[in-house]
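Analysis of the macromolecular model
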Amino acid sequence: KQMVHYHKFMLNVHQFMHQSRKEQQQNKNNNKEFDLIGPVVQHILQQGRLLCLDEFQVTDVADAMILKELFQRLWNQGCVLVTTSNRPPRDLYLHGLQRDRFVPFIDLLEQRCRVVSLMDNETDYRMMMSV
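The present account deals with the structure reproduced in this document. Everything numeric in this text was worked out from a predicted model, so none of it was measured.

1. What to know about unusual backbone geometry
- Look at Y93: it is not a glycine, yet its phi comes out positive at around 55 degrees.
- Assignment of secondary structure puts Y93 in the loop between strand 3 (80-83) and helix 4 (103-112).
- One non-glycine residue with positive phi stands out, namely Q98, at about 55 degrees.
- Owing to a relative accessible area of 44%, Q98 belongs among the partly exposed residues under this scheme.

2. A short note on the packing of helix 1 (residues 6-26) against helix 2 (residues 37-46)
- Taken N-terminus to C-terminus, the directions of helix 1 and helix 2 make an angle of 125 degrees; their axes are 9 Å apart at the nearest point. Accordingly, the angle class assigned to the pair helix 1 and helix 2 is oblique. Regarding helix 1 and helix 2, the two cross each other, and that crossing is right-handed. Seen from helix 1, the contacting residues are F9, V13, F16, M17, S20 and Q24; seen from helix 2, they are I37, P39, V40, H43 and I44.
- Looking at the contact of helix 1 with helix 2, its residues break down into eight nonpolar, three polar and no charged.

3. Brief notes about the side chain of Q2
- Looking at the secondary structure, you find Q2 in strand 1 (residues 2-5).
- When near neighbours in sequence (up to four residues on either side) are disregarded, Q2 contacts I44, Q47, G48, L50, L51 and C52.

4. So, the sheet that holds strand 2 (residues 50-54)
- Strand order in this open sheet of three strands is 1-2-3, and the pairing throughout is parallel. Each of the sheet's edge strands pairs with one partner strand only, and the pair in question is strand 1 and strand 3. Put simply, the sheet's adjacent strands are angled 20 degrees from each other on average, direction ignored.
- The pairing of strand 1 with strand 2 spans four bridges and is parallel. Opposite M3, over in strand 2, you have C52 as the bridge partner.

5. Some words on the environment of L109
- Among the structural elements, L109 can be located in helix 4.
- With relative accessibility at 5%, the residue L109 sits in the buried group.
- Linking L109 and F71, residues 38 residues apart in sequence, is a C-alpha distance of 8.5 Å.
- Ignoring anything within four residues of it in the chain, the contact list for L109 reads F56, W75, L81, P89 and L92.

6. Focus on the environment of L81
- The residue L81 is located in strand 3 in this model.
- Accessibility expressed as a relative area gives 12% for L81, which makes it buried.
- Sequence separation between L81 and F71 is 10 residues; the distance between their C-alpha atoms is 9.0 Å.
- Beyond its immediate chain neighbours, meaning those up to four positions away, L81 contacts L51, L53, F71, W75, L109 and C113.

Reading guide: rules and limits
Residues numbered from 1 in each chain as written. Predicted model: local features only at pLDDT ≥ 70, side-chain atom pairs only at ≥ 80, totals over all residues. Heavy atoms only, no water. Helix = DSSP H or I, 4+ residues; strand = E, 2+ residues; numbered from the N terminus. Buried < 20%, exposed > 50% of the residue type's maximum accessible area, 1.4 Å probe, protein only. Axes fitted to C-alpha atoms, helices over the stretch in contact; angles between N-to-C directions. Parallel < 35°, antiparallel > 145°, perpendicular 65-115°, else oblique. Left-handed = near helix turned anticlockwise from the far one by under 90°. Contact = heavy atoms within 4.5 Å. Nonpolar A, V, L, I, M, F, W, Y, C, P; charged D, E, K, R; others polar. Pairing = 2+ DSSP bridges.

Following this line, the structure appears as C-alpha cells:
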C-alpha cells in the first residue's frame, strides 16, 4: 500500500515520466510516441495495489491531462484508490484550463469510486482527539 499527499504523488509521477522518456530515448526507441504512463503504472503497482491519496485537489493543467490515462490503467491492473478531498469530484479542477478535456476523468472517477461526504455528518472529525 501507498499513503501519500496528492501533490507529492503527482511530483513523483512527473519525475518518473521524465526518467522513462530519457530511458526510452537512450534505448533508441524509434517510435516517436513513447509510452510514458505504462512504466509509471508498473512503478506505482510495485509499491502495492492500494493507493491512498490525501488532499486530492487538481490545480495543474499537466496533472489534469495525465490523470485519466494514469488511473484508467491503474484500475485496469487492480489498483484500489482511497482519497480525501475538500471538494466533490465534480468540483475538481473547476475553472481550469481545458477543463472539458478533464471531465472524462471525473466521469471515470465517479464510476470507479464510491464518494462519501463527511459534510453530511454533524461530527467534525478534525476536532476529535486521536486515541
